[in-house]
Number of protein chains: 2
Amino acid sequence: MTARTSHETAREIPEATVARLPVYLRALSTLSEGGTTVCSSEDLAAAAGVNSAKLRKDLSYLGSYGTRGVGYDVDYLRYQIAREMGATRDWPVVIVGIGNLGHALANYSGFRSRGFRVVALLDADDRRHGEVVAGVVVRPFTDLRAIVHEHGVAIGVIATPAAAAQDVADTMVGAGITSILNFAPTVLNVGLGVAVSKVDLSKELQVLAYHEQRKATAEPA
Amino acid sequence: MTARTSHETAREIPEATVARLPVYLRALSTLSEGGTTVCSSEDLAAAAGVNSAKLRKDLSYLGSYGTRGVGYDVDYLRYQIAREMGATRDWPVVIVGIGNLGHALANYSGFRSRGFRVVALLDADDRRHGEVVAGVVVRPFTDLRAIVHEHGVAIGVIATPAAAAQDVADTMVGAGITSILNFAPTVLNVGLGVAVSKVDLSKELQVLAYHEQRKATAEPA
DNA sequence: GGGATTTTGTTCTCGCGTTCACAAACTTCT
DNA sequence: AGAAGTTTGTGAACGCGAGAACAAAATCCC
C-alpha cells in the first residue's frame, strides 16, 4: 500500500499538507471573490489561519507557482491546487442513510461547489423511498451496486446509525467503492485497498469540554 | 496561555491523546453494552481502531487504571476517562443557525448522550422564530446574551453560512462564550482566551478525492 | 544598468508523537 | 509455595512536522 517505486511521480505530498490544501483552496476562492488577483504568502496564510512559513513549505511540494518579490497569482494558484487535489474533475458520490444528517449533507452546497455530485440517495427504510431530497430521489439501499456501476462511483458517504454502518460499508466495498466518508460513530473494518475517513460530530465538542473543564479547575479564580 | 506553573496538576495530557479519548469512550460504551466487563488493551485498541501500545500510553497519562495480567475493568475505565474529559457533568450548549445542518445537529442524539444539553436554538431569520426543533423552540439571535447568562453557557456551535459566522463568533465571545465549534467554512478570528474547533464537511471528502486521483494516476492498469 | 527591496523556496533544527521492547506485577496451574 | 504465562505501564529510539532563518530571484527606483 504505502510502498512507492521510484518511477512514480517524484512529489510525495505529506499527509499533513494534503489535509491543509482544501483550506488553502477555500481561502483562495474567498480572496478571488473579493477581487484580489495577487497575494503574498503572508496574506494567504492569514486568510487560511496558518503560519506563512508552513504555507510556503506546503505549496513547495506542489511546485513553484509563486513569483519571488511578488507573490502568488490567486486564480493560477487556485487552479494548480485544485488540479492536484482532483477538484477539477467531477466526483460522483452516493449518500447512504437519509436521516437528519443525510438530509443536511444532501443539501450541503459545499459538496457541489467542490466538484462532488450526489448521484444517489439511498436508505434501507421503505417509507423514505420516492421522497425527493435536494432534487434527488431516495432509492432502496439494494440499488447500490447498480448505481455504482452505472455512474462509476468511487466515493461513498455513510450517514446511517452506528448499528448499520459496518453492513453498509461492506456492501459499498463489494460494489466497488474504494473511498468511504463515515459519519456514523463507529469504527469500520475494511480491506486494504479501501480508504476510510471519519467525521465525529461530538468528538470535537468533547475536546472543547475537556479544555473548558481544565480552565475551570486550573484557575479557581 | 500555554505556560504552566509547577504547582498545577502534574499530569499534562498531550493534545493528540485528548483527541483520542472520546474514541476510547465510545469504544468502551459499545463493549459495555455488549456485556463485556473486562478487556485487554489489545481488545480495546481493536475496538477503537488504534495500536495497542498507543492506547496504553494514552491511558497512562490519566493514571494506572488497569491490572497487569488481567486488563481493564470496562465500566471503571469508562468512568475515569469520562471524569477526566468532563463528560460526567452537564454542558449547556447553544446552536446558532438552524438550517439543514443546524437541524441535524439539534436532533443529533450523540450530543445528549455525551453530556451536552442544547439549551437554545438561535437564528437571525424572523420566519424561523417559534418553530420547534428537537423539542426546543427557535429564538432570535439577539437573545444570545440573555441565554448565555441564564444557563451559564460556555460552549457555542455555529452552523450558519460562512458570511455570518464571524459576526456570530464575535457576539458569542462578547456574551461570555469561551469555546466555539464552527461548522461554517470560514476561518474565525477570536481573542486569546477563546478556543475554536472547526469541522469542515467537504474537507475530508476532498482528501479522499485526492487519494482516489493518486491511485488512478499511479497505476494506469 | 545597478543597487535596494520584497518575497519566495529551501535548509536546518527542535519538539512532539508513534512505536518497539521490556521490566514489573498480577493470575493460574501444579 | 513456586514456576509459567499474561498483560500493563514505561523507557528509549525513531520519524515526521513545525517554525526559524537564510539564500535565490524577481521588481522597483534612480
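Conventions we followed
- Here the residue numbering is sequential within each chain, running from 1 through the sequence in written order.
- Chains carry letters from A onward and ligands carry numbers from 1 onward, assigned in written order.
- A pLDDT threshold of at least 70 governs which residues receive local features in this predicted model, and a stricter bar of 80 or more applies before side-chain atom pairs are shown or counted, although totals over entire chains, interfaces and linings include all residues.
- The fit set for superposing copies consists of C-alpha atoms from residues with pLDDT of at least 70 in both; the fit itself is least squares.
- Here, residue contact means that the backbone-derived C-beta atoms of the two residues sit within 7 Å.
- In this text, helices come from DSSP runs of H or I with a minimum length of four residues, and strands from runs of E with a minimum of two, each type numbered from the N-terminal end.
- Multiplying one less than the number of residues by 1.5 Å gives the expected span of a helix.
- As a rule, residues whose C-beta atom has 12 or fewer other C-beta atoms within 10 Å are exposed, those with 20 or more are buried, and those in between are partly exposed; C-beta atoms are placed from the backbone.
- Two strands are said to pair when DSSP picks up at least two bridges between them.
- For each residue, a C-beta atom is placed from the backbone, and the residue is labelled near a molecule or strand when this atom is within 6 Å of it.
- Put simply, Ala, Val, Leu, Ile, Met, Phe, Trp, Tyr, Cys and Pro go in the nonpolar bin, Asp, Glu, Lys and Arg in the charged bin, and everything else, Gly too, in the polar bin.

A. Representation of the relation of the copies chain B and chain A in the model. When chain B is fitted to chain A, the best match, at an RMSD of 0.1 Å, comes from turning it 180 degrees and sliding it 0.0 Å along the axis. Taken together, the rotation angle and the small translation identify this as a two-fold axis. Mapped onto chain A, 98% of the interface residues of chain B again fall at the interface, so both copies present the same surface.

B. Up close: helix H1 (residues 15–33) of chain A. Residues and elements named next belong to chain A. Taking 1.5 Å of rise per residue, the 19 residues of H1 would be expected to cover 27 Å, and the 28 Å separating its terminal C-alpha atoms lies within 8% of that figure. Within H1, the full set of buried residues consists of Leu21, Pro22, Val23, Tyr24, Leu25, Arg26, Ala27, Leu28 and Leu31. Gly35 lies just past H1 and shows a positive phi near 95 degrees.

C. Molecular detail of the environment of Ile95 of chain A. Residues and elements named next belong to chain A. Here Ile95 shows up in strand E4 (residues 91–96). Note on Ile95: 29 C-beta atoms within 10 Å, which makes it buried. In contact with Ile95, not counting residues within four places along its chain, are Gly102, Leu105, Ala106, Val118, Leu121, Val157 and Ala159.

D. Spatial organisation of the sheet that holds strand E3 (residues 71–73) of chain A. All names here are of chain A. The strand order across the open sheet formed by three strands is E1-E3-E2, and the pairing between neighbours is antiparallel. Strands with a single pairing partner mark the edges of an open sheet, and in this sheet they are strand E1 (38–39) and strand E2 (66–67). Relative to E3, E2 runs antiparallel, the two being bridged by two bridges. Looking across to E3, one finds that Thr67 is bridged to Gly71.

E. Molecular detail of the protein's contact with DNA strand D. Close to DNA strand D lie 27 residues; Pro14 and Gly69 of chain A together with Ser60, Gly66 and Gly69 of chain B are nearest. Breaking the surface near DNA strand D down by element, the ones donating at least two residues are H1 and helix H3 (52–60) of chain A together with helix H2 (41–48), helix H3 (52–60) and strand E3 (71–73) of chain B. With five residues, H3 of chain B is the largest single contributor of residues to the surface near DNA strand D. Within the surface near DNA strand D, the residues separate by chemical class into nine nonpolar, 10 polar and eight charged.

F. How the structure looks around the protein's contact with DNA strand C. Near DNA strand C there are 27 residues, and of these Ser64, Gly66 and Gly69 of chain A together with Pro14 and Gly69 of chain B occur at the shortest range. Of all the secondary-structure elements, those providing two or more residues to the surface near DNA strand C are helix H2 (41–48), H3 and E3 of chain A together with helix H1 (15–33) and H3 of chain B. Considering each element in turn, the surface near DNA strand C owes the most residues, five residues, to H3 of chain A. For the surface near DNA strand C, the per-class residue count stands at nine nonpolar, 10 polar and eight charged.

Such coordinate-based values are descriptive only and should not be taken to indicate function.
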